[in-house]
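Single-letter residue listing:
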Amino acid sequence: MSVKVRSVSKHYGKQKAVDSISFDAAPGRILGFLGPNGAGKSTTMKMLSSYLMPDSGSASICGYDTQGQSLEVKRLIGYLPENTPLYLDMYVKEFLSFVANSYQLSQTAKKINDVIEQVGLQSEQHKKIGMLSKGYKQRVGLAQAIIHDPKVLILDEPTSGLDPNQLLDIRSLIKSLGTDKTVILSTHIMQEVEAICDDVIIINKGKIVADTSIESLIAQHGPLSLEDIFRNITV
């Protein structure tokens, strides 16, 4: 398994955001990480990226501990947080060059051009990031997450702000990336989960309430839609 989480908990003051959760994520599969607002999804993703440290338990990325080996972890993951931090005064290519150099990549110009084509930023590549629409800013965020060809992708609401055409393009890209990477994807869009995810975890009030394949989850709940299943489990 590329991602292993064992009995991880995280508190914010007296609030238990994540309550002793355990799960695995495998290469070549896309894991949908679902839950209501405030369920603990983003907190879990931040802990997997070594941005936050758990209060208890452990997590590893490709065998590296997220607490004790955070630099190695950060080299292996691509992380798109819910609110992508971008340098708005930088040009798209300038920003991607900055990211590529921070990873000490070789053939930087080729990798930048390749990733711009991958995420569909050709028409926007010479603009300042601050001039871009929300959807194109999201594409820049996705480009910085994949430019170093990470083994694990952690994507928090990656299609937020995209129009229907952009949505299909980015879904297709994520699906293709998931053929040889481990992808953990958080979203509130159930159609997106059905379209691109192989497995699903549902977290509610900090606890995992479902952990199975999409097919098994739907089979277990008869004729219900994924949206209705989600509501029944989390309400």
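This one's a predicted model, so the numbers in the text were calculated from it and none came from an experiment.

## Topic: the overall build of the protein chain
(1) Moving on: From N to C terminus, the protein chain includes nine helices and ten strands.
(2) Moving on: In terms of overall dimensions, the protein chain is globule-like: its C-alpha atoms have a radius of gyration of 18 Å, near the 18 Å expected for 235 residues.
(3) Moving on: Counting only C-alpha atoms, the protein chain reaches 50 × 40 × 35 Å along its principal axes.
(4) Moving on: Expressed as a percentage of its 235 residues, the buried residues of the protein chain come to 51%.
(5) Moving on: Excluding contacts between residues fewer than 6 apart, the proportion of contacts in the protein chain whose partners are at least 24 apart in sequence is 64%.
(6) Moving on: Separation of charge centres in the protein chain, based on 25 positive and 25 negative side chains, amounts to 5 Å.

## Quick look at the packing of helix 5 (residues 134-146) against helix 6 (residues 164-177)
(1) Moving on: Two elements in contact, helix 5 and helix 6, have axes separated by 12 Å at closest approach and are oriented at 10°. Comparing their axes, helix 6 and helix 5 come out roughly parallel. Along its contact with helix 5, which presents Gly135, Tyr136, Arg139, Leu142 and Ile146, the element helix 6 presents Gln166, Asp169, Ile170, Leu173 and Leu177.

## Let's talk about the packing of aromatic side chains
(1) Moving on: Applying the stated criterion to the full structure yields three aromatic pairs.
(2) Moving on: Taking the centre distance of 5.7 Å and the plane angle of 40° together, the rings of Phe23 and Phe33 count as tilted. Here Phe23, found in strand 2 (residues 15-25), pairs with Phe33, found in strand 3 (residues 30-34); they are ten residues apart in sequence, far enough to count as distant.
(3) Moving on: Phe23 sits in the buried class, given a relative accessible area of 3%.
(4) Moving on: Assessed through its relative accessible area of 1%, Phe33 is described here as buried.

## Describing the pattern of salt bridges
(1) Moving on: A full pass over the atoms with the stated rule returns ten salt bridges.
(2) Moving on: Two residues, Arg6 and Asp24, come together in a salt bridge whose shortest N-O distance is 2.9 Å. Of the two residues, Arg6 is situated in strand 1 (residues 3-12) and Asp24 in strand 2; the sequence distance between them amounts to 18 residues.
(3) Moving on: Take Arg6: its relative accessible area is 35%, and that puts it in the partly exposed class.

## What about the state of the cysteines?
(1) Moving on: Tallying each qualifying case throughout the model produces zero disulfides.
(2) Moving on: Cysteine Cys62 remains unbridged, with the sulfur of Cys197 as its closest cysteine sulfur at 19 Å.

## Looking at helix 9 (residues 226-234)
(1) Moving on: The set of residues buried in helix 9 consists of Leu226, Ile229, Phe230 and Thr234. One side of helix 9 carries all its buried residues, which in axial view fall inside an arc of 110°. Opposite the buried face of helix 9, at more than 90 degrees from it, the exposed residues are Arg231 and Asn232.
(2) Moving on: Looking at the buried residues of helix 9, the elements they touch are strand 3, helix 7 (190-196), strand 9 (199-204) and helix 8 (214-220).

## Overview of the confidence of the model for the protein chain
(1) Moving on: Averaged over every residue, the pLDDT of the protein chain is 93; the share at 70 or more is 100%.
(2) Moving on: Strand 4 (residues 56-61) holds the highest mean pLDDT among the elements of the protein chain, 97, whereas helix 6 holds the lowest, 88.

## Some thoughts on the sheet that holds strand 7 (residues 152-156)
Within a sheet, adjacent strands bond to each other through the backbone by hydrogen bonds, running parallel or antiparallel.
(1) Moving on: What the six strands build is an open sheet, ordered 6-7-8-3-9-10; its pairing is mixed. The strands lining the two open edges of the sheet, one partner per strand, are strand 6 (77-80) and strand 10 (207-213). Going across the sheet, the axis of each strand differs from the next one's by a mean of 15°, ignoring polarity.
(2) Moving on: The sheet contact formed by strand 7 and strand 8 (residues 182-186) spans five bridges and is parallel. Paired with Val152 across the bridge in strand 8 is Thr182.

Criteria and cut-off values
Per chain, the residues get numbers from 1 upward, laid out in the order the sequence is written. With pLDDT at 70 or above as the cut-off, local features in this predicted model cover only qualifying residues; side-chain atom pairs require 80 or more to be listed or tallied, and sums for whole chains, interfaces and linings still use all residues. Remark: hydrogens and water are excluded; side-chain values derive from all non-hydrogen atoms of the structure. The secondary structure listing takes helices from DSSP runs of H or I that are at least 4 residues long and strands from runs of E that are at least 2 residues long, numbered from the N terminus. Based on C-alpha atoms, the radius of gyration is set beside the globule rule, defined as 2.2 Å times the residue count to the power 0.38. For each residue, the accessible area found with a 1.4 Å probe, counting protein chains only, is set against the maximum for its type, and the residue is called buried under 20%, exposed over 50%, and partly exposed in between. Two residues form a contact once any of their heavy atoms are found within 4.5 Å. Counting rule for charge: Lys and Arg are taken as positive, Asp and Glu as negative, and neither His nor the chain ends is counted. A charged residue contributes its charge at one atom only: NZ of Lys, CZ of Arg, CG of Asp or CD of Glu. Only the contacting stretch of a helix is used when fitting its axis, a line to C-alpha atoms as for every element, and angles between N-to-C directions run 0 to 180 degrees. Comment on the angle field: the value is read as roughly parallel under 35 degrees, roughly antiparallel over 145, roughly perpendicular from 65 to 115, and oblique elsewhere. Geometry of aromatic contacts follows a simple scheme: Phe, Tyr and Trp rings, the Trp one being its six-membered ring, pair when their centres are within 6.5 Å, and the pair is stacked under 30 degrees between planes, edge-to-face over 60, tilted otherwise. Between Lys or Arg on one side and Asp or Glu on the other, a salt bridge is scored when a side-chain nitrogen of the former is within 4 Å of a carboxyl oxygen of the latter. Cysteine sulfur atoms are paired as a disulfide whenever they come within 2.5 Å of each other. The directions considered for the arc run from the helix axis to the C-beta atoms. Each residue carries a pLDDT value, the predictor's own confidence for that position, ranging from 0 to 100. Pairing between two strands requires that DSSP report at least two bridges joining them.

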